[in-house]
Amino acid sequence: MNYPQLTVFNYKTVYYVLRVFSLYWLAVQFLKFIELGNRPKEIYDPVFGFEKIIFPEFPGIFMVTGLIVACGICVIASVFKPSYWFNVIIFLLMAVINLPLSANFGVHHDNHVIILVYFLSIFLLPKNLENKDYKLVQYFYLGVLMTYTLAGMGKLLGTAKNIIKHTPKLTWLDKNAAKLNTYDNYWAADMAIPDWMKEMYAYENFWVILTVLGIGLQFLCFLGAFNRKLLTFFMLFLYIFHTYTAKFVLADFENTNYLLLVIFFPYHMLLPLFKRSEAKVLNT
C-alpha cells in the first residue's frame, strides 16, 4: 500500500479498536468514582466554571453509573452504525464523566487525551473515508501529537528565557534537574525514593543529555503526523516517556499509554500475518 492507502486503512482499524478500548476506559472511570466516593465530600473542590455548574458536589454512584452506561451504549452502537451523532454524544459524555475527576482529590488523571481523540475524530467515519481523504487522518494525528509538541516547546522556551535573563531558577539543563523533579514528586507523595533510582541519578551528565534529548523529541512529535515510520517511532518514544513519568515522577499515564498504542499502531504491518494464516487454513 502507498502512504495514503495505509493511512486510511490504519485509521479505519483504529476506529473499531478505539471503541473496544473505550469500554475498558469507562470501566476504569467507574472504579475511580467508587474509590473517590469513599473520600470525605468536603475535600471535593470543583476547578472549572462548567464543572461547578454541573457538579457543585461530587456526583452519587447512581448518576455516575447512568452516565457511564449511556456512554457505553453509544460506544457499542457506534461500532455497528458509525454516526456523527454518536461521535458527538460520546465526546460530550466522556467530557462530562471526566469533570468531577479533573484536578480533584489530588488525583493524577490522563483523561484529556482520550477526550481530545474523540473530539478530533467526530467527522471521521470509516464508511466515508477514501484514500484521497488521508490528510483528514493526518490532521487527526497532528491534533493529538501537538499536545506533546506544545509541552516540549514550553519547556524549551522556559529554559531559554531563564538562560537569557540569567534567572536563578533551575532549568532542564542543570545536572540535578531530573533528579530534583523526581525527588520533589516522591516527597509530595510521602514515598521513599528507591535506592536503585538514587544510583541511576548519580550519572549527572547522562541525565542532562537524556533530558535535553527527551524534550527535543517531545517538541518534534508533530512530525509523526506526516510520515508513517516517524509516527511509529514517536509512538514508541511516547510509550517510553510515559513509562518513565509513571516510575520516576509518579504521574499515572497508564491509560494514555494504551490509548497511544491504539491510535498510532501500524496495523498495516499485521496484514501479511493475516494473509499467511489464511493461506495456511486454505492449504490444510
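Presented here is an overview of the structure given in this document.

Reading guide: rules and limits
- Residues numbered from 1 in each chain as written.
- Predicted model: local features only at pLDDT ≥ 70, side-chain atom pairs only at ≥ 80, totals over all residues.
- Heavy atoms only, no water.
- Helix = DSSP H or I, 4+ residues; strand = E, 2+ residues; numbered from the N terminus.
- Buried < 20%, exposed > 50% of the residue type's maximum accessible area, 1.4 Å probe, protein only.
- Contact = heavy atoms within 4.5 Å.
- Areas by Shrake-Rupley, 256 points an atom, 1.4 Å probe, with all protein chains shown as cover.
- Axes fitted to C-alpha atoms, helices over the stretch in contact; angles between N-to-C directions.
- Parallel < 35°, antiparallel > 145°, perpendicular 65-115°, else oblique.
- Expected span 1.5 Å × (residues − 1).
- Core = buried A, V, L, I, M, F, W, Y, C linked by side-chain atoms within 4.5 Å.

### Digging into the overall build of the protein
Part 1 of the argument: The secondary structure content of the protein amounts to 12 helices and zero strands.
Part 2 of the argument: The N-to-C order of helical and strand elements in the protein reads α-α-α-α-α-α-α-α-α-α-α-α.
Part 3 of the argument: Considering only C-alpha atoms, the protein reaches an extent of 65 × 45 × 40 Å along its principal axes.
Part 4 of the argument: Split into buried and exposed, the 284 residues of the protein put 40% on the buried side.
Part 5 of the argument: Sequence separation of 24 or more characterises 73% of the internal contacts of the protein that already satisfy a separation of 6 or more.
Part 6 of the argument: Accessible area for the protein stands at about 15900 Å²; split by element, carbon and sulfur atoms hold 69% of it.

### Let's talk about the packing of helix α10 (residues 228-248) against helix α11 (residues 254-264)
Part 1 of the argument: With their axes 9 Å apart at the nearest point, α10 and α11 run at an angle of 170° to one another. Of the possible angle classes, the one that applies to α10 and α11 is roughly antiparallel. On the side of α10, the interface is formed by R228, L231, M235, L238, Y239, H242 and T243, while α11 contributes T256, N257, L260, L261 and F264.

### As for helix α6 (residues 134-164)
Part 1 of the argument: Here α6 is 31 residues long and its end C-alpha atoms lie 42 Å apart, about the 45 Å a rise of 1.5 Å per residue gives.
Part 2 of the argument: All buried positions along α6 are accounted for by V137, Q138, F140, Y141, V144, L145, Y148, T149, G152, T159 and N162.
Part 3 of the argument: The elements touched by buried residues of α6 are α1 (3-37), α5 (111-120), α9 (204-219), α10 and α11.
Part 4 of the argument: Looking one or two residues beyond α6, the residue adopting positive phi is H166, at roughly 55°.

### Quick notes on the nonpolar core
Part 1 of the argument: Ranked by size, the top nonpolar core spans 54 residues in total, and within it L18, I263 and F264 carry the most contacts.
Part 2 of the argument: Here this core gets 10 residues from one element, more than from any other, and that element is α1.
Part 3 of the argument: Formed by nine residues, the second largest nonpolar core is a distinct cluster that contains I193, M197, F248 and V249.

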